[in-house]
Amino acid sequence: MTPLSLQEYLSREIGYDAERMDGTPDPALARLITGISEACKEISAKVREGALAGVLGLAGSENVQGEDQKKLDIISNDIFVEAVSRTGSVCGMVSEEVPEPIAVRDDLPLGPYLACFDPLDGSSNIDINVSIGSIFAILPAREIKRTPETADFLQPGTALVAAGYCMYGPQTILVLTIGRGVVMFTLDDETGIFRQTAADVTVPREAAEFAINMSNQRFWEKPVQRYISELLAGKDGPRGKNFNMRWIAAMVAEVHRILMRGGIFMYPRDSRNPERAGKLRLLYEANPMSMIMEQAGAAATNGHVAIRTIKPTSIHERVAVFLGAAEEVERATAYHED
Ligand code: F6P
């Protein structure tokens, strides 16, 4: 039997028709997720072509975080903004690549949602042909209006209606939650259709694998030093078992690994930049990934509280991240309380 297409899944779960399983029909949400999947397909094609399409290398500009923008960062941002705007399902967007909220073009209709996205995550992997991805988060708009304001987006992650990411790796895989578990769709390059290849994805509570950028060790706070040193001590330490380590340097790929085979991923705050709460961005990285984790039975905190309970104060706010296997996240969080 041919696996369900993304279209069929959306129509069954939040459908256009009356033959629905449960809930209220929400064509705007289905259109928005479809639009995002179209953007991901387009980005996937560009990533595959790489140097042949002349899309690798630096663009010669900086983003709002002061990071060098790659050509593909900018191309992916333009693709996302256009595709999301055209759905008629949003009245504003926030992108990692753009300092202020983005309005929908005047000639296009508005809809009841706000979209936040990191159009291309893991930029340092682009030019070396290692996995990268796009991350998205969908919030309800409190008011449908042409000019989105910062305040409209400052909602805690608990308000998310849907979240997901698309990973451009050996396969292009779209991972989605609309609050009813986590599902995965693999892009069939021949037909251009995303087909469901996993449902009810769950992350075991225990883990034997961790991910952290060890080169920052000397800058970490005490609880993180303690937690990681115990993992490194393996069988001979207080944990009494060995842990393996991985670092891909693209959050999408680390989260994907955790969904497939468990583990914990961390990007703690550190003393390199004491006024910064961490490296990853709350609205379009930490929140959507936290929703996915929670829907898969895993957890996500900033070392103190569940990430999704944090009330954002700015659209590009950063946050410390501990996510994945519930037992490990609980332990790392408890060490912060000690
Ligand atoms: O968006 C930030 C990001 O690229 C994440 O995808 C990734 O987890 C992290 O930064 C990598 O950080 P570092 O450069 O410290 O390895």
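The following refers to the structure shown. Note that the structure is a prediction, hence the values are computed from the model and not measured. (Residues numbered from 1 in each chain as written. Predicted model: local features only at pLDDT ≥ 70, side-chain atom pairs only at ≥ 80, totals over all residues. Heavy atoms only, no water.)

**A look at the overall build of the protein chain**
Rules: Each helix is a run of H or I in the DSSP string that is no shorter than four residues. Each strand is a run of E no shorter than two, and both are numbered from the N terminus. In this description the radius of gyration comes from C-alpha coordinates, and the expected globular size is given by 2.2 Å times residues to the power 0.38. Note on classification: 1.4 Å probe, protein chains only; a residue is buried when its accessible area is under 20% of the maximum for its type, exposed when over 50%, partly exposed between these limits. Contact between two residues is taken to exist if any of their heavy atoms lie within 4.5 Å; hydrogens are not considered. Computed by Shrake-Rupley with a 1.4 Å probe, the accessible areas treat only the displayed protein chains as cover when residues are assessed. We count Lys and Arg on the positive side and Asp and Glu on the negative side, and we leave His and both chain ends out. Taken as the charge location is NZ of Lys, CZ of Arg, CG of Asp or CD of Glu.
Tallying secondary structure elements over the protein chain gives eight helices and 16 strands in all. In terms of C-alpha radius of gyration, the protein chain reaches 19 Å, essentially the compact-globule figure of 20 Å for 338 residues. In terms of its C-alpha atoms, the protein chain occupies a principal-axis envelope of roughly 60 × 50 × 45 Å. Relative to its full complement of 338 residues, the protein chain shows a buried share of 57%. When contacts within the protein chain are restricted to residue pairs at least 6 apart in sequence, those whose partners lie at least 24 apart make up 64%. Here the protein chain has roughly 13,900 Å² of accessible surface; of this, 51% comes from carbon and sulfur atoms. Considering the protein chain, the positive charge centre built from 34 side chains and the negative charge centre built from 46 side chains are found 4 Å apart.

**A look at helix 6 (residues 251-261)**
In an α-helix there are 3.6 residues to a turn, and that puts residues three or four apart on one side. Of all eleven residues in helix 6, nine are buried; the element is thus mostly enclosed. For helix 6, the complete set of buried residues consists of M251, V252, A253, E254, V255, H256, R257, I258 and L259. Backbone geometry just after helix 6 places G262 at a positive phi near 85°.

**Points about the sheet that holds strand 10 (residues 209-211)**
Formally: Two strands qualify as a pair provided DSSP detects at least 2 bridges between them. Each axis is a line fitted through C-alpha atoms, taken for helices only over the stretch in contact, and angles between the N-to-C directions span 0 to 180 degrees.
Spatial strand order, 11-10-12-16-14: five strands in an open sheet with mixed pairing. Bordering the open sheet on either side are strand 11 (244-245) and strand 14 (299-301), each of which pairs with just one other strand. Most of the contacts of helix 7 (residues 282-295) go to strand 16 (residues 321-324), to which it runs at about 30°, and overall it touches strand 14 and strand 16. Sheet contacts for helix 8 (residues 326-337): strand 12 (264-267), strand 14 and strand 16; angle to strand 16, the most-contacted strand, approximately 155°.

**Comments concerning the side chain of T333**
The residue T333 is located in helix 8 in this model. Leave out the neighbours within four places in its chain, and T333 touches T301, G303 and H304.

**Topic: the site of the ligand**
Just so we agree on the cut-off: Any residue with at least one heavy atom within 4 Å of a molecule or strand is counted as near it. Two N or O atoms form a polar contact when they lie within 3.5 Å of each other; inside protein one atom must be a possible hydrogen donor and the other a possible acceptor, and for residues adjacent in sequence the pair counts only when both atoms belong to side chains. Residue polarity follows a fixed list, in which Ala, Val, Leu, Ile, Met, Phe, Trp, Tyr, Cys and Pro are nonpolar, Asp, Glu, Lys and Arg are charged, and the others, Gly among them, are polar.
If you check the shell around the ligand, you find 13 residues, and the closest are D121, N213, M251, Y267 and E285. R281 places a polar side-chain atom, nitrogen or oxygen, 3.4 Å from an oxygen atom of the ligand. A distance of 2.7 Å separates an oxygen atom of the ligand from a polar atom in the side chain of E285. Protein chains bury 83% of the 400 Å² of accessible surface belonging to the ligand in isolation. Within the residue set of the shell around the ligand, elements represented by two or more residues are strand 12 and strand 13 (280-281). Counted by class, the shell around the ligand contains seven nonpolar, two polar and four charged residues.

**Re the environment of G324**
Inspection of the secondary structure puts G324 in strand 16. Measuring from C-alpha to C-alpha, the distance between G324 and D121 comes to 19 Å, with 203 residues separating the pair along the chain. Look past the residues within four positions of G324 in its chain and what remains in contact with it is V203, I258, G263, I264, M293, A298, A299 and V329.

**Some words on the sheet that holds strand 8 (residues 183-188)**
Strand order across the open sheet formed by seven strands is 3-4-5-6-7-8-9, with mixed pairing between neighbours. Each edge of the open sheet is held by one strand with a lone partner, namely strand 3 (90-95) and strand 9 (193-198). Strand-to-strand twist in this sheet, taken as the mean axis angle between neighbours without regard to direction, amounts to 20°. Set on the sheet, helix 2 (residues 27-49) makes contact with strand 3, strand 4 (113-121), strand 5 (132-140), strand 6 (162-168), strand 7 (172-177), strand 8 and strand 9; between it and strand 5 the angle comes to about 165°.

**Structural notes on the nonpolar core**
Rules: Here, nonpolar core means buried Ala, Val, Leu, Ile, Met, Phe, Trp, Tyr and Cys residues that are tied together by side-chain atoms lying within 4.5 Å of each other. As used throughout, domain bounds are those supplied by an automatic or database domain assignment.
One finds Y165, M251, L259, F265, M289, V321 and L323 to be the most contacted residues of the largest nonpolar core, which totals 48 residues. Here the element with the most residues in this core is helix 7; it accounts for eight residues. Shared between two domains, this core takes at least three residues from each, and those domains are domain 1 (6-198) and domain 2 (209-335). Other than its neighbours up to four places away in sequence, M289 contacts I135, Y165, M251, V252, V255 and L323. Core analysis: the second largest hydrophobic core is formed by 44 residues, L10, I14, I43 and I126 among them.

**Some words on the packing of aromatic side chains**
Aromatic ring pairs are described here by two measures, namely the spacing of the ring centres and the angle between the planes. Applicable threshold: Two rings belonging to Phe, Tyr or Trp (six-membered ring only in the last case) form a pair when the distance between their centres is within 6.5 Å. Interplanar angles under 30 degrees mark stacking, angles over 60 mark edge-to-face geometry, and anything in between is tilted. In this scheme, the term charge over a ring applies when either NZ of a lysine or CZ of an arginine sits within 6 Å of the ring centre and within 35 degrees of the ring normal.
Taken as a whole, this structure holds five aromatic pairs when the rule is applied. On the numbers, 5.7 Å between centres and 0° between planes, the contact of W247 with F265 is stacked. Remark: F265 occurs in strand 12 and W247 occurs in the loop between strand 11 and helix 6; sequence separation between them is 18 residues. Between the aromatic rings of W247 and Y267, the centroid separation amounts to 5.9 Å while the plane-to-plane angle is 55°, which identifies the pairing as tilted. A residue pair is termed long-range when its members are at least 10 positions apart, and W247 in the loop between strand 11 and helix 6 and Y267 in strand 12 qualify at 20 residues. Using a relative accessible area of 28% as the deciding quantity, one classes W247 as partly exposed. When its relative accessible area of 7% is taken as the criterion, Y267 is described as buried. In textbook terms, an aromatic cluster arises when at least three aromatic residues are bridged by ring pairs, as seen for W247, F265 and Y267. Over the ring of Y335 we find R226; its NZ or CZ atom is 3.6 Å from the centre of that ring.

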